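Observations on the model geometry
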Amino acid sequence: ESSSHHDVFPISPRAQLAISAESAFTLTSSPKAPWLHRFRYTLDASTNGLPHEMICSPSVVLLITSSSDDYINCLAELANVHHLPRPYHDGHYDPNGLRREFLVLHDVIHGPADFDEQRALQNMRNRFGAGCCNVLKVNSLTPQSV
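Remember, predicted model here, so these are calculated numbers, not experimental data.

Here's the deal with the overall build of the protein chain
Within the protein chain, the regular secondary structure consists of five helices and three strands. Across the protein chain, helices and strands are ordered from the amino to the carboxyl terminus as α-α-β-α-α-β-α-β. Expressed as a percentage of the 146 residues in the protein chain, the buried residues total 29%. Sequence-distant contacts in the protein chain: of pairs separated by 6 or more residues, those separated by 24 or more amount to 63%. When the accessible surface of the protein chain is split by element, carbon and sulfur atoms take 55% of a total near 9,800 Å².

Right, dumping it as structure tokens:
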């Protein structure tokens, strides 16, 4: 079998299909109808998404780092094409058509005390674009307000 978008999954597509067909078989028929097992396997195999349909392509990629890291360079590295799944390298999907969202997690209690959210957002927007960058503060409630 040639390399395809299924290579990234821990279970092979053939094994996954066999499991699905066996499950469908046990739900719909007695063990004395082997023809149904073959039919379900063939039906599942023929209706599985094809690489050109982009059915297995991610709709969005979340690139997340911590504010305690060098967040701009870290996000730039995560956005690098070599981190994408194999179909993007094989030419099945266009990496430029992939929607990316950039997020910096800032821990208010344990993170850098000098972190400036507005400056961070501006730096991210300058590097990655205006509509795809956010900062999420965690541990922002004081113990008294909980």
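Read on, since the account is not over.
Concerning the nonpolar core
Of all hydrophobic cores here, the largest spans 20 residues; its most connected members are Tyr71, Leu75, Phe102, Val104, Met124, Phe128 and Val135. Counting only elements with at least two residues in this core, the list comes to β1 (61–66), α3 (71–78), β2 (100–107), α5 (117–128) and β3 (133–138). At four residues, the largest contribution of residues to this core is made by α5. Once you skip the residues sitting within four places of it in the chain, Met124 turns out to touch Tyr71, Ile72, Leu75, Phe102, Leu103, Val104, Gly129, Cys133, Asn134 and Val135.

Things to note about the pairing of β2
Strand residues, when the strand is regular, have side chains that alternate between the two faces of the sheet. Of all eight residues making up β2, six are buried, and the element is well covered by its neighbours. Note that β1 and β2 share six bridges and pair parallel. Considered in β2, the bridge of Ile64 is made with Leu103. Two strands pair when backbone bridges link them, and β2 and β3 are joined in this way by six bridges, in the parallel orientation.

Concerning the packing of aromatic side chains
Enumeration over the complete set of coordinates arrives at two aromatic pairs. Pairing Tyr71 with Phe115 gives two aromatic rings, centres 6.1 Å apart and planes at 75 degrees, and the pair type is edge-to-face. Here the residue Tyr71 occupies a position in helix α3, and Phe115 occupies one in the loop between β2 and α5, the gap between them amounting to 44 residues. Here the two residues Tyr71 and Phe115 agree in accessibility, since each one is buried. Each ring, one from Phe102 and one from Phe128, has its centre 4.1 Å from the other, and the planes form 15 degrees; the classification is stacked. Placement of Phe102 in strand β2 and of Phe128 in helix α5 is noted, with a sequence separation of 26 residues between them. Owing to a relative accessible area of 18%, Phe128 belongs among the buried residues under this scheme.

Observations regarding the side chain of Thr65
Mapped onto the fold, Thr65 is located in strand β1. Looking at Thr65, the relative accessible area reads 5%, which means it is buried. Among all residues touching Thr65, those that are not within four sequence positions of it are Tyr71, Cys74, Leu75, Leu103, Val104 and Leu105.

Thresholds applied
Residues numbered from 1 in each chain as written. Predicted model: local features only at pLDDT ≥ 70, side-chain atom pairs only at ≥ 80, totals over all residues. Heavy atoms only, no water. Helix = DSSP H or I, 4+ residues; strand = E, 2+ residues; numbered from the N terminus. Buried < 20%, exposed > 50% of the residue type's maximum accessible area, 1.4 Å probe, protein only. Contact = heavy atoms within 4.5 Å. Areas by Shrake-Rupley, 256 points an atom, 1.4 Å probe, with all protein chains shown as cover. Core = buried A, V, L, I, M, F, W, Y, C linked by side-chain atoms within 4.5 Å. Pairing = 2+ DSSP bridges. Phe/Tyr/Trp six-rings, centres within 6.5 Å; stacked < 30°, edge-to-face > 60°.

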